[in-house]
Each structure stands twice: as structure tokens, then as C-alpha cells.
Amino acid sequence: MFRKLVFAATVLTFIVVVVGAFVRLSDAGLGCPDWPLCYGKLTPLHAADEISRAEAEQPGGPVTMAKAWKEMFHRYIAKLLGLLIIVIAVLAWMKRRELGQSPWLATVLLGAVCLQGAFGAWTVTMMLMPLIVTGHLLGGMTVLSLLTWLSAQQLSWPVFVPGAAAAWLPRAALLALAVLAGQIALGGWVSTNYAAMGCPDLPLCQGQLVPPMDFTHGFQLLRDLGKKADGELLTLEALTAIHWAHRAGAIVVFLFLGWFGSKLLKLDALRALGVALLVLLCIQVGIGLAIVALQLPLHLAAAHNAGAALLLMALVVINFRVFSATRVVHSGPA
Amino acid sequence: MNQSLPLGQHRPGLLNRVRQFYALTKPRVVSLIVFCAVIGMLLAVPAGVALPLVPLFAATVGIALVAGAAAAINCLVEQKIDAVMARTRGRPLPLGEVNSIETLVFASIVGGIGLWLLNNWVNPLTMWLTLATFVGYAVIYTVILKPATPQNIVIGGASGAMPPVLGWSAMTDSVTPDALLLFLIIFAWTPPHFWALALYRTEEYAKAGLPMLPVTHGEKFTRLQVLLYTIIMVASTLLPFVYRMSGWIYLVSAVLLGAVFMYYAVRIFVSYSDKLARTTFRYSILYLSLLFAALLVDHYLA
């Protein structure tokens, strides 16, 4: 029961994250301008009058029936996920003897998902402020990582004894995770600042290796969407800086994860995970390049988010394997 | 990296290299996949309407390339398991004739060309469905499900059941209930097909450490599952007729072919022998080919 709930919650989290990215990318984040309900109603259907009035007042604005449904669908499945995680946390405490697992991971998970709910609310009420929206993305990725780890704990794995030659492994695995997390944060920053077209060309940016850029304003954290902190409009140089940083990050991630993955191929117990990491890495870089080449089609951008989530899950499982092996806690197949 | 293996002593010539890479794509499995996809394409276009030849050709090649890339990734993950099992010992990776990085680069190029073909010459929907099938097979099935749960081939069967859907979407740029019926048939066919094989190879799977159903839940339980899934499968093969997608020619063929499958499944359940399981496994492949052929004949004659 606990196992199945954890697996189901993990799959659902992946779906909520990708649907959330889709809502963000299709500019439907303000499809319902209040929270938690839509114009105080349970569904957009009940709020049809308010929605059509808002649409008439501001044609082409943030509110349409389709956008309201997208936003509310994301909220419904996110709430379902919240309920699931509450049940998981309760079970983890009640059955901690039978399970033989510390209930604290599930408790942290519950805290993370609550915080994530708050970020979701702020996303709407603070009018898509980039820092909040990026935080909402990273919160989602955190919940996904915690659940992936919890899922990995529920599976029985073959024994993995790394041997003395693999002393580099724990450090490299952690570093890989950190590098990926940094790149996801940069990617979120690109998306929430609408900087995906900051460099419209490949492989150079605006025909130069290092185009004119404004890092100070691009990476100023506390400001409204599209504006500098003093309310002036954000310049192209600032958007270029954001995009360029994510591109430079991609090279670092590709080289480092590529090296790390190919090292894993030589360890029997981690080969499959290494292959998964490398395959997902290739797909993800391919999608990233295609986004620029094809001028940001929505489906590619959503797939780029899904790819990031899958890469993260792969790295979390690799870290789980590496750290449960060195501490020899989860040894022996069931 | 595996230079010291005894079988790799002759320096591979160019032709030999090509042959090794070709073997990595599991041509026989890929041809069955392409066969199912092409039938999906033909069924999607009403009889009498001219077939759009360019997308048809591009989709066939594109799906074949992505399927080949998926097979190569599968070889890469399972080289250790392949080295243990008699059936797969002769594959290029266990022999050390190609190395891991070469395989990955090869798969990226082949798969990338396939996806590009599908995106530019067919439609983006087919490209995405094919990519999802690739990830489903090469990552989710091969890496996660197969070593983790006896339900591996049931869930992973979803990837195997996708080809007719891919063919369908290549022609119509949509996924309709007709296409999903074809999906359902292959999805329900996979467990009896695979477990018939697993029943007479239980020891090999146990040796390779894979939790196939007969290894984890015993032979008797597996035999019951073969029978139950065969009933579900036969029932789902009737749906194309019920849905008015196919006519009497198909119905009669499906009933006759299904009756033979049921006969084997019942015998597997009541009086099992390895020989019988082997026959059933062989018949299951013939069954699927003939069933899809019947769909096709019905489509053009009825």
C-alpha cells in the first residue's frame, strides 16, 4: 500500500510539474486571477460569466476560458498530489516499524509540498514575479526529487559494492546533481523572464561569441516581470545575459554529466542508470538546440521541462544508489 | 576497453564494423515493429483513397531508425545480462566488438535522423509519440521496470503496442479510437506471448537476476496468467468488429486464430510442458502477423 502510494505520487508529481510548465509556457498562469478558487468559484464553468466579462474588457489579455481551464487543471491535480502526500506522511509515521524506514523523509516531503502550495498561490497573487515563478518550478523539482528518493527506497536493488577505485563516485554524483540543479534554475529563469529568444541564433549569440549583455539587471532577483527593480522596462541586453548564461551552463552540464555517465558505464551495478542519464542528456540537449532553431514552439519547450525532470530523477536515483552503497544501509536483494 | 577478449582478436574491417552496428539495431525485432506501423498506416487511409507516398515512406524509415536506436540502447544496458544468457551471448557488445560510447553515439545519430525525418516529413505529433515510445522502451522499461518488477512486460508492453498508433498518426495527424484498439490488442497480446517464453527459460532469467513472473511467482501462477490474459486478448480482438472498423472477414479470422491461441493457453494451464510453451511462443508471433494481415485484407476487400 505504502509502496504503491509512493510510486503513484511520484508519477503524479512528474505530471504536475510538466502540466505546470505547460501552463506557464502557454501564458495561462493568470487564467484565474485569484487563489485557490477561480473568481471565487470551484471551476471555470461556474465562473463563466466573470471570465467572459474579463475577456471582453481586455481582449487578448491573460484571462480566457481555455487558459482558466489549464490553470485550474494544474491546481486540481496539484491538490490531489497534496492529499496523496499527506496520506504518505501519515502512513510513514503510523507504520514506521513495519516499514523499517525513517519517517522523516516523508515529513520533509510534506513540508516541501506545503511550501510549494504557497509558492503556487504567490505565483498568482504576485503577478508572475520571476523569482516566485522560478521558485515554484524549483519547489516542484524538489518535491519530485524527494519522492524519487522515497520511491528508490521502496525498491530492492542488487548489492552494490563500489570498491576502492570508485572513491570519486560520491563526490562526482553530488556535484552532478548540483550542476544540474543550477542549470534547471537558470532554465527556469530564462522561461519566467521570457528570455528564450534572447539569443535567436545558433551556435553564436547575435552573431557573436560574447554579445553585449547586462548581467546586473538580468540577474537582479527582486523585480516584477519584464521590469527592472525601479520599474523601467528590462532591456534586450538583460534578456541576452539570462539566455547566454543558460547556454554556457548547458555546455558545462553536457560535458560534466557526459563524463560522469560514461564513467558509470564501467560499473556493472550502475551501467543501466548511466545509459539512462546519457540518453536523456542527449535528448535534452537536442531539444534545447531545437528550441532555438525552431523559434520556441510550445511543445518543444514543454518537452524541455519534461526532459529536465527526467534527468533530475535519473541523477537522484544514481545518488541514492551511490550513497546507500557507501553507507551499506540498503544491502542485499529482497 | 574490451580488447583482451578472445573473440575480438581479428582487427575488424570496415564491412565487419558495419555488420556489428547493424546487428545492434536488432533487425528482426525492428522489422516486426515496422510491419505493425505500416499496417497502422494502411488501415488509417480509407480503401480507394490514394496513399500519401512521401509521408508513408518517411514514417516507415523514421520509425525504423528510432526503433533501431532504441534496440541499440537496450543492448548497451543489457550487455551483462546478454553475456549470461545463451540466446543473446553472440551480440556485438558482449563480444566486445563495439564499445559503449560508440554504441551511444551511433544510437544518437540514428535516432536523431529518425526523429528529424518524422518531424519534417511526417508531422510533429508522430515525432513526439515516437520519442515518447523510445523513452518508454529504452529508459523506463529497460532501465527501471525490467530489473524491478514482474509486471515489467505488462507495463512495458505499452511501448511495444505503440507502432500501429505511430503509423496511424503518421497518416492522419491524430490518434483516434481505431488506433487505440490496435494498441489494446498488442498490449493484451504481450503478456501471454512473453510469459510463454519465460516459462521455458525460467532458469536463464533467474540466473540473469531478472524478476520475470515465473521466477518471482512460480510456474503455476504464470500459467494461470497466460490463460487469463489470452481471454482478455481474444476479447479485445473482437472490438474492431464491434466498433465497425472491420467486417466479417476480420471477425471470422480473429475468432479462428483466437480459438487456436485459447487452445494452447488452456493446455498450458492444465498440462504444461516446455515443448508446449515453445510452440505457444512461436504461434503467438504467427498469430499477431496473421491477425494484422486479416485486418488489412478486410480493409481492402470488404
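A. How the structure looks around the overall build of chain A. A tally of regular secondary structure across chain A gives 11 helices and 0 strands. Helices and strands in chain A line up, N terminus first, as α-α-α-α-α-α-α-α-α-α-α. Relative to the globule expectation of 20 Å for 334 residues, the C-alpha radius of gyration of chain A, 21 Å, shows essentially globular dimensions. The principal-axis extents of the C-alpha atoms in chain A amount to approximately 65 × 55 × 30 Å. For chain A, the computed accessible surface area is about 15,300 Å², with 72% contributed by carbon and sulfur atoms. Positive and negative side-chain charges of chain A, numbering 22 and 15 respectively, have mean locations separated by a distance of 17 Å.

B. A look at the interface of chain B and chain A. Counting residues at the interface gives 19 residues for chain B and 20 residues for chain A. Of the roughly 1,500 Å² buried between chain B and chain A, counting both surfaces, carbon and sulfur atoms make up 83%. Among the residues of chain B in contact with chain A, Leu 104, Trp 128 and Val 143 of chain B are the three that bury the most area, contributing 29% of the side total. Taken together, the links from chain B to chain A amount to 0 salt bridges. Where chain B touches chain A, the interface holds 1 residue pair in polar contact (both at pLDDT 80 or more). Of all the secondary structure elements, the ones that give two or more residues to the side of chain B that touches chain A are helix H3 (53-77), helix H4 (79-84), helix H6 (100-122) and helix H7 (124-148) of chain B. Here the side of chain B that touches chain A gets 8 residues from one element, more than from any other, and that element is H7 of chain B.

C. Looking closely at the nonpolar core. Formed by 145 residues in total, the largest nonpolar core has its most connected members in Met 141, Leu 169, Leu 257 and Phe 260 of chain A together with Ile 73 and Phe 134 of chain B. With residues up to four places along the chain from it excluded, the contact list for Phe 260 of chain A reads Trp 168, Leu 169, Ala 172, Ala 173, Ala 176, Leu 277, Leu 315 and Ile 318 of chain A. Counting residues in each nonpolar core, the second largest holds 25 residues, with Phe 2, Val 6, Ile 77 and Leu 150 of chain A among its members.

D. Region of interest: the environment of Leu 104 of chain B. Position of Leu 104 of chain B relative to the elements: it lies in helix H6. Sequence spacing of Leu 104 of chain B and Val 18 of chain B is 86 residues, and the spatial spacing of their C-alpha atoms is 15 Å. Non-local contacts of Leu 104 of chain B, meaning those with residues more than four positions away in its chain, are made with Leu 265, Leu 278 and Val 279 of chain A together with Ile 73 and Leu 76 of chain B.

E. Spotlight on the state of the cysteines. The tally for this structure, following the rule as stated, stands at 2 disulfides over all chains. Disulfide partner of Cys 199 of chain A: Cys 205 of chain A, at an S-S distance of 2.0 Å. Taking the sign of the S-S torsion, about -80° here, the bridge from Cys 199 of chain A to Cys 205 of chain A comes out left-handed. Note on Cys 199 of chain A: relative accessible area 0%, which makes it buried. Given a relative accessible area of 2%, Cys 205 of chain A falls into the buried group. What connects to what in chain A, once the bonded cysteines are numbered by sequence position, is 1-2, 3-4. No disulfide involves Cys 282 of chain A; its nearest neighbouring cysteine sulfur is the one of Cys 75 of chain B, lying 17 Å away.

Thresholds applied
- Residues numbered from 1 in each chain as written.
- Chains lettered and ligands numbered in written order.
- Predicted model: local features only at pLDDT ≥ 70, side-chain atom pairs only at ≥ 80, totals over all residues.
- Heavy atoms only, no water.
- Helix = DSSP H or I, 4+ residues; strand = E, 2+ residues; numbered from the N terminus.
- Rg over C-alpha atoms; globule rule 2.2 N^0.38 Å.
- Areas by Shrake-Rupley, 256 points an atom, 1.4 Å probe, with all protein chains shown as cover.
- Lys, Arg positive; Asp, Glu negative; His and termini not counted.
- Charge placed at Lys NZ, Arg CZ, Asp CG, Glu CD.
- Contact = heavy atoms within 4.5 Å.
- Buried area = accessible area lost by both parts, 1.4 Å probe.
- Salt bridge = Lys/Arg side-chain N within 4 Å of Asp/Glu carboxyl O.
- Polar contact = N/O pair within 3.5 Å; in protein donor to acceptor, adjacent residues only side chain to side chain.
- Core = buried A, V, L, I, M, F, W, Y, C linked by side-chain atoms within 4.5 Å.
- Buried < 20%, exposed > 50% of the residue type's maximum accessible area, 1.4 Å probe, protein only.
- Disulfide = S-S within 2.5 Å.

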